[in-house]
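Structure at a glance
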Amino acid sequence: MTDATDRGRILSRRAALRAAAGTVAAGLGAGTVAAQNGVDYGGWFGDSKGATTQNFDGTVDRTGQDSVTVEVGAEGNGGPYAFGPAAVRIDPGTTVTFDWVSDTHNILIEEQPSDADWGGVDAIENTGFSHEHTFETEGIYKYYCQPHLALGMKGAIVVGGSGGSGGGDGGETGDGTPAGGGETGGGGGSSTLSLMFRVVGGAVAAALALVLGLTAWVFLNYDEFTTTGEADTTPSQAERTASKSVFEEGIVRDLDHDDYNPYGTATLIVIYAGIISLLWVFMYFVEFLGGGPTVVG
């Protein structure tokens, strides 16, 4: 009898410990467990379009709230190139406010329910801009930032009970982790792509500096390129009479046709065109990396 009683106490203790551990786990990770509810995004957060969204770590549950805020240009994907959170679940009738927290971002819609009327934000906006929309139609809304799609700046809003089995590159795996990979993946392709753009931007800036320096050198040494090699026929000061000036002597040198150098003119035109082209490319990279003014056109 004593052995049976002791075994019952041990089992009771083990059951109590399991229950306590389950309660603590539920308390610490309630939001995460509720968020990673197996929504099937069909590979949206993978590399099917653009780069993998590194800041995607599951669907954040915001059901039960009347209003939700999503940051546009939050930290992620190697810089301020993320929607925060990347994916969120809300109830029908919830108003979502998109707040720009960095520059040169927009919101283009990739997919939404057929009877939905969300227009997104086509124009590229900067810090301080905000956009609101009330989501009434149930379904999955997928969107992205056009200038930074190649860095993985994509997002999704799940309205209501839309979901699936978690298949596809963008869904969660069986252990609750994103199949697309989180920020613990060591950088991934997006970091490499961001580094490549920075290297290219630096090369463009160096080429621009070289062209500007070459142009300045040509102008400083212009006389050497235009001389004809003939002896100077202008009389010296000692040879001039007191009553005649250089203008009275009629010292005028007309340019013959042979003095015109078409190759030099063509070279200057090419240099000017190169400067304009390099400036345009440089400003494009500044805009793309979100570190400068917006270039339109």
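Owing to the predicted nature of the structure, the values given are computational and were not obtained by experimental measurement. (Residues numbered from 1 in each chain as written. Predicted model: local features only at pLDDT ≥ 70, side-chain atom pairs only at ≥ 80, totals over all residues. Heavy atoms only, no water.)

Remarks on the overall build of the protein
If you tally the helices and strands in the protein, you get five helices and 10 strands. The buried share of the protein, reckoned over its 297 residues, is 33%. Once local pairs closer than 6 in sequence are excluded, the contacts in the protein between residues at least 24 apart make up 71%. Only carbon and sulfur atoms are counted for the fraction: they give 57% of the accessible area of the protein, which is about 17100 Å². (Helix = DSSP H or I, 4+ residues; strand = E, 2+ residues; numbered from the N terminus. Buried < 20%, exposed > 50% of the residue type's maximum accessible area, 1.4 Å probe, protein only. Contact = heavy atoms within 4.5 Å. Areas by Shrake-Rupley, 256 points an atom, 1.4 Å probe, with all protein chains shown as cover.)

As for the pairing of strand β5 (residues 94-100)
Summarising burial for β5: five of the seven residues are buried, a large majority. Bridge count for strand β2 (residues 67-76) against β5 is six bridges, and the pairing is parallel. Considered in β5, the bridge of Ser-67 is made with Thr-95. By the bridge criterion, six bridges tie β5 to strand β8 (residues 130-135) in an arrangement that is antiparallel. Bridge assignment links Thr-94 to a residue of β8, and that residue is Phe-135. (Pairing = 2+ DSSP bridges.)

Re the packing of aromatic side chains
Geometrically, a pair of aromatic rings is defined through the distance of the ring centres and the angle of the planes. Here the structure, examined in full by the defined rule, presents 12 aromatic pairs. Seen from their ring centres, Tyr-41 and Phe-56 are 5.9 Å apart, and the 85 degrees between their planes marks the pair as edge-to-face. Taken as a pair, Tyr-41 in the loop between α2 (30-35) and β1 (60-61) and Phe-56 in the loop between α2 and β1 lie far apart in primary sequence, 15 residues in all. Assigned by exposure class, Tyr-41 and Phe-56 land together as buried. Consider the rings of Trp-118 and Phe-135, whose centres lie 5.1 Å apart with planes at 70 degrees: the pair is edge-to-face. Of this pair, Trp-118 sits in the loop between β6 (105-111) and β7 (121-125) while Phe-135 sits in strand β8, and the two are 17 residues apart along the sequence. Note on accessibility: Trp-118 and Phe-135 belong to one class, buried. Joined through ring pairs, the aromatic side chains of Phe-83, Phe-98, Trp-118, Phe-135, Tyr-141 and Tyr-143 make up one cluster. The ring of Trp-44 has Lys-154 sitting right over it, with the charged end atom 5.3 Å from the ring centre. (Phe/Tyr/Trp six-rings, centres within 6.5 Å; stacked < 30°, edge-to-face > 60°. Lys NZ or Arg CZ within 6 Å of the ring centre and 35° of its normal.)

Let's talk about the UniProt feature "binding site: Cu cation" (unreviewed entry) in the protein
Taken from the UniProt record, the annotation "binding site: Cu cation" (unreviewed entry) applies to His-105, Cys-145, His-148 and Met-153. Across 49 residues of sequence, these annotated residues stay compact in space, with a maximum C-alpha separation of 9.6 Å. With sequence-adjacent residues up to four places away left out, His-105 is seen in contact with Val-72, Gly-73, Pro-80, Tyr-81, Trp-100, Ala-123, Ile-124, Glu-125, Cys-145, His-148 and Met-153. At 2.7 Å, the side chain of His-105 forms a polar contact with the side chain of Ser-102. Structurally, Cys-145 can be placed in the loop between β9 (139-144) and β10 (154-159). Given a relative accessible area of 0%, Cys-145 falls into the buried group. Among residues more than four places away in sequence, those in contact with Cys-145 are Phe-83, Thr-104, His-105, Asn-106 and Met-153. (UniProt positions renumbered as here; feature names shortened; annotations may be inferred. Polar contact = N/O pair within 3.5 Å; in protein donor to acceptor, adjacent residues only side chain to side chain.)

A short note on the nonpolar core
Core analysis: the largest hydrophobic core is formed by 22 residues, its most contacted members being Phe-98, Ile-107, Phe-135 and Ile-157. For this core, the secondary-structure elements that each account for two or more residues are β2, β3 (79-84), β4 (87-90), β5, β9 and β10. In this structure, Ile-107 is in contact with Val-72, Phe-83, Phe-98, Trp-100, Trp-118, Gly-120, Val-121, Asp-122, Tyr-143 and Tyr-144, ignoring residues within four places of it in sequence. One finds Tyr-41, Trp-44, Ala-86 and Ala-87 within the second-largest nonpolar core, a separate group that totals 13 residues. (Core = buried A, V, L, I, M, F, W, Y, C linked by side-chain atoms within 4.5 Å.)

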